[in-house]
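Examining the three-dimensional arrangement
Given next are the chains, with one letter for each unit.
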Amino acid sequence: MKKYLIIAVAVLAVGGGLWFWLGSGGADEIKIIRTAAVERGDVRKVLEATGVVKAQVGAMVKVGARSTGELVEVRVRVGDEVRKGQLLAVVDDRELEAKIAEAKARFRLAKAKHEYAMKNLPRRERLVKKNLEPQDTLDQAIQDANVARFEMEAAKASLETLEVQQSYTRILSPIDGVVSQVAAQEGETIVSGLNVSNLVTVLAPERLEMWIYVDETDVGRVELGLPVEFTVDARPDRIFNGTIDRIYPEPEVRDNIVYYRALVEVGPDEARLLRPEMTTQCRIIVEVARDVLSIPNTALKWVGGKQRVFRVTGEEKPEELEPKLGLQGLERSQVLEGLSEGDEVATQLVLPGRKKAEKGI
């Protein structure tokens, strides 16, 4: 029984405002405690949701080594700014250097043989034409020239292969950005296999986006291009802005609740004030009524199952009204009829015959 009583009190607090005890005994007249003016301005209908800051695709790259050997040099630390193509780390390449020297020698030898064969070929042709040598001598010279050419091409290909392998020992930054992680240190042995060893992670800090997790009951009101405001705990006084760029069709289930992910692009200037994986508190602005009359939601009171407003008239008893409302936002509601600009309305009052004073939500 006590459990249901607590639930009932909570429902009353949300639906009609918070109540607090003034003391024993009831009030004979309506007592105005606090008021607000009917003002002209913008009223916004928003959806509140939670989001998270993420790096865009390609904005966070894990740089690995495709070569096996000792890591002899690491040139960067976490927080260092790097440019695309900048040398980050070096793997021991002495064995490859020796193989490359050997391959260069083989290439030079094959090239020399090919050059000799090409010079010998015209001589053989002239001798055969003068019938000083048989035809098979020329055929052999042509074959020797072709073999020498093939050997030279094979030696060159082997040399280029080793030079490519040597390039794997020099770890370069693939993008402009900031080093966000260094996963290895000098002296460690890097073993290249099916999985490339990740050494350094580079992040482009200006290429961020935000994922908003929209409840399935609200996703029908979310459209591409809608403006979004969001804040992060690290910068509570700063409001960041963006627009809905994509809405993913596939749902995500979290804590048995179905959400749909909406993606918001973040400008480069604002992105530099954020970090990946920051939690955001978002407001998706669904609809805006501009330059309209409005009252604070705290002025709306539930009386007899209807929303009423108590206008202060200067007399002892305020006037109880049921205005026609338009767009209702989180903090203010649009007034279509029943109130005029400058009217004073009660946001906190005591009703007759009650022990409690009513405050708006």
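Reading the values: the criteria
Residues numbered from 1 in each chain as written. Predicted model: local features only at pLDDT ≥ 70, side-chain atom pairs only at ≥ 80, totals over all residues. Heavy atoms only, no water. Helix = DSSP H or I, 4+ residues; strand = E, 2+ residues; numbered from the N terminus. Buried < 20%, exposed > 50% of the residue type's maximum accessible area, 1.4 Å probe, protein only. Contact = heavy atoms within 4.5 Å. Axes fitted to C-alpha atoms, helices over the stretch in contact; angles between N-to-C directions. Parallel < 35°, antiparallel > 145°, perpendicular 65-115°, else oblique. Left-handed = near helix turned anticlockwise from the far one by under 90°. Nonpolar A, V, L, I, M, F, W, Y, C, P; charged D, E, K, R; others polar. Salt bridge = Lys/Arg side-chain N within 4 Å of Asp/Glu carboxyl O. Pairing = 2+ DSSP bridges. Expected span 1.5 Å × (residues − 1).

Things to note about the side chain of Lys54
Here Lys54 lies in strand E3 (residues 39-55). Residue class for Lys54 comes out buried when judged on its relative accessible area of 18%. Those residues in contact with Lys54 that sit more than four places away from it in its chain are Leu208, Glu209, Trp211 and Glu277.

Remarks on the packing of helix H2 (residues 94-129) against helix H3 (residues 135-167)
Where H2 contacts H3, the axes come no closer than 8 Å and their chain directions differ by 160°. When the interaxial angle is binned, H2 and H3 end up roughly antiparallel. Considering how the two elements wind past one another, H2 and H3 form a crossing that is left-handed. When the residues that make up the contact of H2 with H3 are grouped by side-chain class, the tally is 18 nonpolar, 6 polar and 13 charged.

Digging into the pattern of salt bridges
Scanning all chains against the criterion turns up 21 salt bridges. Residues Arg75 and Glu73 are paired through a salt bridge, measuring 2.7 Å at the closest nitrogen-oxygen approach. Its relative accessible area of 48% is what places Arg75 among the partly exposed residues. Judged by relative accessible area, Glu73 falls into the partly exposed class, the value being 28%. Glu252 is the salt-bridge partner of Arg261, the closest N and O atoms lying 2.6 Å from each other. The network of salt bridges with common partners includes Arg308, Glu320 and Glu322.

Let's talk about the sheet that holds strand E5 (residues 69-74)
Read from one edge of the open sheet, 4 strands run E8-E7-E5-E10, paired in antiparallel fashion. Each end of this open sheet is capped by a strand with a single partner; those strands are strand E8 (170-172) and strand E10 (189-190). In this structure, E5 lies alongside strand E7 (residues 87-91), joined through 3 bridges in antiparallel fashion. From the neighbouring strand, Glu73 faces E7, where its bridge partner is Val90.

Details of H3
Side chains of residues three or four places apart in an α-helix project in the same direction, reflecting 3.6 residues per turn. In this model H3 runs 49 Å from its N-terminal to its C-terminal C-alpha over 33 residues, within 8% of the 48 Å that 1.5 Å per residue would give. For H3, the full list of buried residues reads Leu138, Ala141, Ala145, Ala148, Met152, Ala155, Leu159, Leu162 and Gln166.

Focus: the environment of Arg290
For Arg290, the location among the structural elements is in strand E16 (residues 279-296). A relative accessible area of 58% means that Arg290 is categorised as exposed. Sequence separation of Arg290 and Arg44 is 246 residues, and the distance between their C-alpha atoms is 8.4 Å. With residues near it in sequence (within four places) discarded, Arg290 still touches Gly41 and Asp42.

A few points about the pairing of strand E15 (residues 257-265)
Two elements, strand E12 (residues 208-215) and E15, share 7 bridges in a ladder whose sense is antiparallel. Looking at E15, one finds that Glu209 is bridged to Glu265. Pairing analysis gives 7 bridges linking strand E14 (residues 235-254) to E15, with the strands arranged antiparallel. Residue Arg246 lies in a different strand from E15, and its bridge partner there is Leu263. Counting the residues between successive antiparallel strands, the hairpin from E14 to E15 contains 2 residues, one of them, Asp255, with a positive phi of roughly 55°.

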